[in-house]
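Structural features, examined
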Amino acid sequence: MKFMEGYWLKSEKVQPSYATQAFTVTEIEHGMRILAPEKPILSRADALDITVLQIDFVSSSHNDVEVIITHHKAYDSHEPNFRLRKQPDSVRVRIDEEEAVMEAGEITVRVFRKNWAYRFEAGGKILTESGFRNLGFMRWNKTASTMLPENNYLSQSYEPYVMNELSLKANETVYGFGERFTAFVKNGQTIRTWTEDGGTASEVAYKCIPFYMTSEHYGVFVEHTGKVEFEVATAKVEYVGFSVPGEELRYHLMYGETPAKILEVYTNLTGKPALPPAWSFGLWLSTSFKPAYDEETTGKLIEGMVERKIPMRVFHFDCYWMRALHWCDFVWDSEQFGDVKEMLQRYHEKGLQCCAWINPYVSQYGDTFEELVQKGYLLKRADGKGIKQVDNWQPGLAVMDFTNPDARAWFAGKIKELLALGVDAIKTDFGERIPIDVVYADGSDPVGMHNYYTYLYNETVFRAIEEVRGEHEAVLFARSATAGCQQFPVHWGGDCSASYPSMAETLRAGLSFAMSGFSFWSHDISGFEATATPDLYKRWAQFGLLSSHSRLHGSDTYRVPWIFDEESTEVVRKFARLKCRLMPYLFRMAVIAHETGTPMMRPMPFAFPEDPGCRYLDLQYMFGESLLVAPIFNDQSRAEFYLPDGLWKNLLDGEILEGGRWYEKTYDYMNLPLFVREQTLLPMGGNALRPDYDYTKDLTLQYYLPKEGKEISCEIPDLSGKTVLSLHAVKEGNIVRFRASVESHVKVIVHLPDGKMVSGVLNGTELRLNI
């Protein structure tokens, strides 16, 4: 929020009280406490009629320092709290007349007592700092004081805010804040964490995460579920400012030598992503939203994919598995579908998993509405006049109250009924249109609950699936999110349009989402709104099948490839099969994401933080640690992409290019820039028809562009994520030595820098290959 008009002048709407002095410093459990008055206290008189802020610096977990800035301590906002896993580091505090210093993990907090300022240090350098007029309590829209005659009391009215600003260095870049469709580098943007259903073409976002990281090795998580306003080099171009309404501001400063280490700290606090089942990485086909469909139609869509030998793994039923005007009452449309359990069983026999759409709302004409009203499971009006209802999306729509444990159990029971029929995954749509003029069962502040609602919604559904199917078998297709929702994958990018600009904004948002702690992400291939040209469909299909999760879904038409042209069928078939063959590599990347919080789709500045050429790249990414993907965003088949230092080989056409520079090339629809970095062991599976199989069977190990004397390894997981085979390779002169952790039969191929390829077979545990 902008409290200033330029650098020097404050807004006429605000009366600020800035910290000016560390008047007292005391050591507390896990940290230190500062009392910071709005003016220096140099005499007893100075301590009267004064605003004093309490500022606690405490260790929250390893390399995570929490800062708590409090004005009035007895204020209770009733804001719901994120569920955090705090495990404080041991702390050392030193206090003297000039400064107070706290050391926790690798972070040092240094507070200057007389000329107020504080800074965070790590790795032998200053990470960021806050000083003159950077921390304060703001009285916004303050009215004139009035005397209340009945008690001779002076009354004031204002909106309370607490703000803090952290410095930026020259050329420091800021990333994150959730799935944002605006520019990937967030410098120069005002960002509000207020979840809304607004499509992909504006600053509105489905997934608002009050977390950012910068190119200077730190991240900031503002620990508030409600609206947080960030001024990212806007109100003051040398700072990131953040503010919240109320009497307290809590944030975490997290240090990591790399972006991956920062996300590891962040997800240690907010939760690691679950490991999705291997089958979920295959191609999903949807009924789409509006086209009429029944059991006969869905059968024809599936048979069309089978006839064309396109491997698909999940079939999705969108909204109209229920009757119109009844969403979401969990009742199948009996006129369109006969014996649902029998139908889903037939699909299972075809090797498919099944997904069904839901949302957390119910129409007043839904079969369950009266029951929910009677039991008190819906959000109530703030004026006490019954249930909150709107005519938006569905007639007389009401919203589930997930703060009511009984309502959560009821909703989870409906999910389990779907699972009993044969549904395997749930698309948890919506969760953004949550009203604030309501009353929650647990008394939560409705403004704070607006963003946090999606956590309770998705957690309820995910845990219900997990209870029935077991660990690593639960998967969602969720649209809304807040901090912590990375624990309930997968998320998709919402309602994009059939255009290249929309495809580009979709990728930008996915990369920002990845920088915000989310590891598994998808999007509607070829766009949700409108229908793509065959050209766009083929290019988006390449991108979609080189994403962690891949779905054909749209609004007005089916998205099966043959309705576009025959070449579209060939493209989808080729890249769907390629993804299946890459699964030994991709599923290992998924396991790493599950264990560390490192996303599968890695933005270029995440993967190459020391390469200044990567800082602003938002139209390409690393797919795991070894594959670079640069989708094509025009109808001229022209690709523009940057390769970091080193040698790179195109996985598809074998071209070898030198890194450290830009390239512009043209590619047909069967090709695109998909490059393997040097010194990579890339395992390729033997099954091109499904993503879930024994990855050690018919395995081919590709050693790309080996570097002399440097050993490299890769791990092959089973379908539970457990490593069952480790493979190692090292080049020593004209010999490449391969080693396996267990007896194996693996074909090996060495890709040399001169374009030559040498192959052999590892039978047993060792192979010495002459190149």
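First, a word on what this report is: a plain description of the structure on this page. If you're wondering where the values come from, they're calculated on a predicted model, not measured in any experiment.

1. Some details on the environment of Ser480
Mapped onto the secondary structure, Ser480 falls in the loop between α6 (446–469) and β32 (491–492). Of the residues examined, Ser480 reaches a relative accessible area of 0% and is grouped as buried. Taking the C-alpha atoms as reference, Ser480 lies 8.6 Å from Glu196; in sequence the two are 284 residues apart. With near-sequence residues (within four places) excluded, Ser480 lies in contact with Tyr206, Lys207, Phe430, Gly431, Glu432, Thr454, Asn458 and His491. Looking at Ser480, its side chain comes within polar contact range of the main-chain oxygen of Phe430, at 2.7 Å. Polar side-chain contacts of Ser480 include one of 2.6 Å to the side chain of Thr454.

2. As for the pattern of salt bridges
This structure, assessed with the given rule, holds 56 salt bridges. With a shortest N-O distance of 2.7 Å, Arg33 and Asp56 are connected by a salt bridge. Highlighted residues: Arg33 in strand β5 (residues 31–37) and Asp56 in strand β6 (residues 52–61), separated in sequence by 23 residues. Residue Arg94 is joined to Asp96 by a salt bridge in which the shortest nitrogen-to-oxygen separation is 3.4 Å. A residue is classified by how much of its surface remains accessible, and Arg94, at 41% relative accessible area, is partly exposed. Relative accessible area serves as the criterion here: at 32%, Asp96 is assigned to the partly exposed category.

3. Digging into the side chain of Ser637
Position of Ser637 among the secondary structure elements: in the loop between β37 (627–629) and β38 (638–643). A polar atom in the side chain of Ser637 sits 3.1 Å from the side chain of Arg539. Dropping the residues within four chain positions of it, Ser637 is found in contact with Arg539, Ile632, Lys665, Thr666 and Tyr667.

4. Observations concerning the sheet that holds strand β24 (residues 283–286)
With parallel pairing, five strands are arranged side by side in an open sheet as β30-β26-β25-β24-β34. Two strands in the sheet have a free side with no partner beyond their single neighbour: β30 (425–428) and β34 (550–552). Put simply, the sheet's adjacent strands are angled 25 degrees from each other on average, direction ignored. Relative to strand β25 (residues 314–317), β24 runs parallel, the two sharing three bridges.

5. So, the layout of surface pockets
The volume enclosed by the largest pocket comes to roughly 480 Å³. Counting only elements with at least two residues in the lining of the largest pocket, the list comes to β22 (239–245), β23 (248–255) and α6. The residue inventory of the lining of the largest pocket, partitioned by class, reads six nonpolar, nine polar and eight charged. One number sums up the size of the second largest pocket: a volume of about 390 Å³. What lines the second largest pocket is a set of 24 residues, and nearest its centre among them are Glu625, Ser626, Gln679, Ile712 and Ser713. For the lining of the second largest pocket, the secondary structure elements donating two or more residues are α10 (583–596), β39 (647–650), β43 (680–684), β45 (712–717) and β46 (723–732). Taken together, the residues that form the lining of the second largest pocket break down as ten nonpolar, seven polar and seven charged.

6. Overview of the sheet that holds strand β12 (residues 125–130)
The strand order β8-β9-β10-β11-β12 describes an open sheet built from five strands, whose pairing is antiparallel. Strand pairing shows two members of the sheet lacking a second neighbour, β8 (91–95) and β12, which therefore form its edges. Adjacent strand axes in the sheet meet at a mean angle of 15 degrees, parallel and antiparallel pairs treated alike. Across five bridges, the pairing between strand β10 (residues 107–112) and strand β11 (residues 117–122) is antiparallel. Across the sheet, Thr108 pairs through a bridge with Glu121, a residue of β11.

7. Some remarks on the packing of aromatic side chains
Applying the stated criterion to the full structure yields 61 aromatic pairs. Taken together, a centroid distance of 4.8 Å and an interplanar angle of 80 degrees make the contact between Tyr693 and Tyr695 edge-to-face. Across the pair, exposure class does not vary: Tyr693 and Tyr695 are buried alike. Following the ring pairs from residue to residue traces out a cluster consisting of Phe82, Phe211, Phe221, Tyr266, Tyr452, Tyr455, Phe462 and Phe488. Here Lys207 stacks its cationic end above the ring of Phe513, 5.7 Å away from the centre of that ring. The positively charged end of Arg479 is found above the aromatic ring belonging to Phe430, 4.5 Å away from the centroid.

The rules we used
Residues numbered from 1 in each chain as written. Predicted model: local features only at pLDDT ≥ 70, side-chain atom pairs only at ≥ 80, totals over all residues. Heavy atoms only, no water. Helix = DSSP H or I, 4+ residues; strand = E, 2+ residues; numbered from the N terminus. Buried < 20%, exposed > 50% of the residue type's maximum accessible area, 1.4 Å probe, protein only. Contact = heavy atoms within 4.5 Å. Polar contact = N/O pair within 3.5 Å; in protein donor to acceptor, adjacent residues only side chain to side chain. Salt bridge = Lys/Arg side-chain N within 4 Å of Asp/Glu carboxyl O. Pairing = 2+ DSSP bridges. Axes fitted to C-alpha atoms, helices over the stretch in contact; angles between N-to-C directions. 1 Å grid on protein atoms, 1.4 Å probe; cavity = no way out; pocket = protein on both sides within 12 Å on 5 of 7 lines; lining within 4 Å. Points joined across faces, edges and corners; volume = space filled by probe spheres on them. Nonpolar A, V, L, I, M, F, W, Y, C, P; charged D, E, K, R; others polar. Phe/Tyr/Trp six-rings, centres within 6.5 Å; stacked < 30°, edge-to-face > 60°. Lys NZ or Arg CZ within 6 Å of the ring centre and 35° of its normal.

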